[in-house]
Structure formats: C-alpha cells, structure tokens
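# Notes for the structure review
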Amino acid sequence: MTIHEFGKENDKIMVLLHPAVVMWDFFEYVIPALEKDYHLIVPAIPGYDPDVKSDFTSVEDIAEELEIWLTTKGITQVDCIYGCSMGGAFITKLLSNGVIHFNRAVIDGGITPYQLPWIVTRLILIRDFLMISIGKLGGVKLLEKAFATENLSEEDIQYEAKVLEMISYKTIWRTFDSTDNYSMPQIVTTDCANIEYWYGDGEEKQRKWDIDYIKKVFPNTVFKKFDNAGHASLAPFQPERFVEAII
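This report concerns the structure included in the present document. (Residues numbered from 1 in each chain as written. Predicted model: local features only at pLDDT ≥ 70, side-chain atom pairs only at ≥ 80, totals over all residues. Heavy atoms only, no water.)

This paragraph deals with empty space enclosed by the protein. Under the counting rule described, the total for this entry stands at one cavity of 30 Å³ or more. Roughly 40 Å³ of internal volume is contained in the largest cavity. Every residue lining the largest cavity is listed: D108, Y199, G200, E203, F226, A229, G230, H231, A232, S233 and L234. Of the residues belonging to the lining of the largest cavity, the class tally is five nonpolar, four polar and two charged. (1 Å grid on protein atoms, 1.4 Å probe; cavity = no way out; pocket = protein on both sides within 12 Å on 5 of 7 lines; lining within 4 Å. Points joined across faces, edges and corners; volume = space filled by probe spheres on them. Nonpolar A, V, L, I, M, F, W, Y, C, P; charged D, E, K, R; others polar.)

This part is about the packing of helix α2 (residues 59-72) against helix α3 (residues 86-97). Geometry of a packed helix pair, given as the angle between the helix axes and the separation of the axes. Axis separation between α2 and α3 bottoms out at 9 Å; the angle between their running directions is 65°. In this structure, α2 meets α3 at a crossing whose hand is right-handed. Residues V59, E60, I62, A63, L66 and E67 of α2 form the contact with α3, whose participating residues are A89, F90, K93, L94 and N97. Looking at side-chain class alone, the contact of α2 with α3 contains seven nonpolar, one polar and three charged residues. (Axes fitted to C-alpha atoms, helices over the stretch in contact; angles between N-to-C directions. Helix = DSSP H or I, 4+ residues; strand = E, 2+ residues; numbered from the N terminus. Left-handed = near helix turned anticlockwise from the far one by under 90°. Contact = heavy atoms within 4.5 Å.)

Let us now look at the sheet that holds strand β5 (residues 80-84). The strands making up a sheet are joined through hydrogen bonds of the backbone, oriented either antiparallel or parallel. What the seven strands build is an open sheet, ordered β1-β3-β2-β5-β7-β8-β9; its pairing is mixed. Strand pairing shows two members of the sheet lacking a second neighbour, β1 (2-6) and β9 (222-226), which therefore form its edges. With strand direction ignored, the average angle separating the axes of adjacent strands in the sheet is 20°. Across four bridges, the pairing between strand β2 (residues 13-17) and β5 is parallel. (Pairing = 2+ DSSP bridges.)

Bringing the layout of surface pockets into the picture now. When its volume is computed, the second largest pocket comes out at roughly 160 Å³. Contributing to the lining of the second largest pocket are P113, Q115, Y182, S183, M184, P185, Q186, V188, Y213, K216 and V217. Class assignment of the residues belonging to the lining of the second largest pocket gives a composition of seven nonpolar, three polar and one charged.

Written out as structure tokens, the structure is:
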C-alpha cells in the first residue's frame, strides 16, 4: 500500500481514507490547506493505487496493513482520522480493533456491514458489481447511464472512466463484497471519545441503515447533516466547507 505524506514537519497527525472507485487524489483540493497544520497520511488503497498494480483485498486486511504501517513508524496515536464511504468502513473496523488510538474519528457517509440474510447480500453484490462493470466495459457513454451523473462535469466523468479502466474486476467484486459485509465483533468497544458521522441531505435516505448501525455500536457518536451535499461530495466539490468542518 502506497502511503502519501504531506506536512511531515507538523506534530498533529491526520489520516485521510478515500472512497471506492476513486484514487487517493480525491483529497487533492483539501491537502494544501490541511498540510499547513497537520502531518497528513493519505493511503492509496490497494486496487485503486495508480502507482502499484494490485487488487483490493478486504476491509479487514487493509485496516491491518494500515495499523502495521503506523506502528512501524512509531505512530500509535492519531489526532484525527477521516474516511469517506468505503473509507468510513475502514474507520469502523479500525475503531473496533483498538490497535491505534484516535482522538477524533470522522466517518463521512461510511458504509457499515449489511444486517441481512446471506442470499440477499449476494443479490445486492451482483447488482452493484454489474452496475460498475457496465462503466468499465462500455466507457464514458455507458458510465453516464450507470451512474446518476447529471451533477457531474465531463471532467468528472472522464476521471471515473480512467479509474474504472485501471481497476480490475476482482477489485470491483471484492470492494463491494467486503465493504458491505466486513466482520465486526458482537460487542464493539473503542477508546475513541470523539466519533462523528457525517452525511449529506442528498443521501439521507440511503444512509439510514448505516446511521442506525453506528448508533448501535458507537452510541456516543455525534451526527452531522450537511445541507446541499450528496454522497462523497465535500472534499472534491466543496473543499472549503470540508476544511472548515474537519479542522
């Protein structure tokens, strides 16, 4: 896993975890502001790393890989960790592992494990896999049909097409399988006293199950709804708003 670091001279540490079907440069518009005060650690998640040919493994394995990297560097305490969508799934797992102490954890539209019968999870997995694969197979025009792209620019669509061309079908399958079904202990404990769950008003209905799950496993979580925001929209499309909320 390639780790990108910025502002290494700063004492405060912030980890940024990107969503699926994007690359680590998802954070390119917020890094210049945050690196002034934070030592930023931005992993390129396996399968989505433009510099290393790899496949996505699982939420559990990648969370452990990040823990090993941090502890090897002597980092056992992180001031703030932020994860969006798939990145939020990593945070949920990291909090339950308890290997790294996080002073603050921000889960933005984070995906939580489905509480559904196994056969239902398989049907959902097949649907999601086929939807993303349509874009990979058919290029930009089919990508426009596969996603609700009316709010995306042509540049955004071209970016997604580039990512889909890069990632493997194995990565697509494993991403949705693991992100929707990763393992969590029956009784979850964490020493993080400051957990936040962010979501946009445009995704409120889609995140209902995730919000209910977070309320159950992390009952002290503070929930923050952003008006005029959709799923994974703050860092790339409203960077000033993101920076104001995260610092």
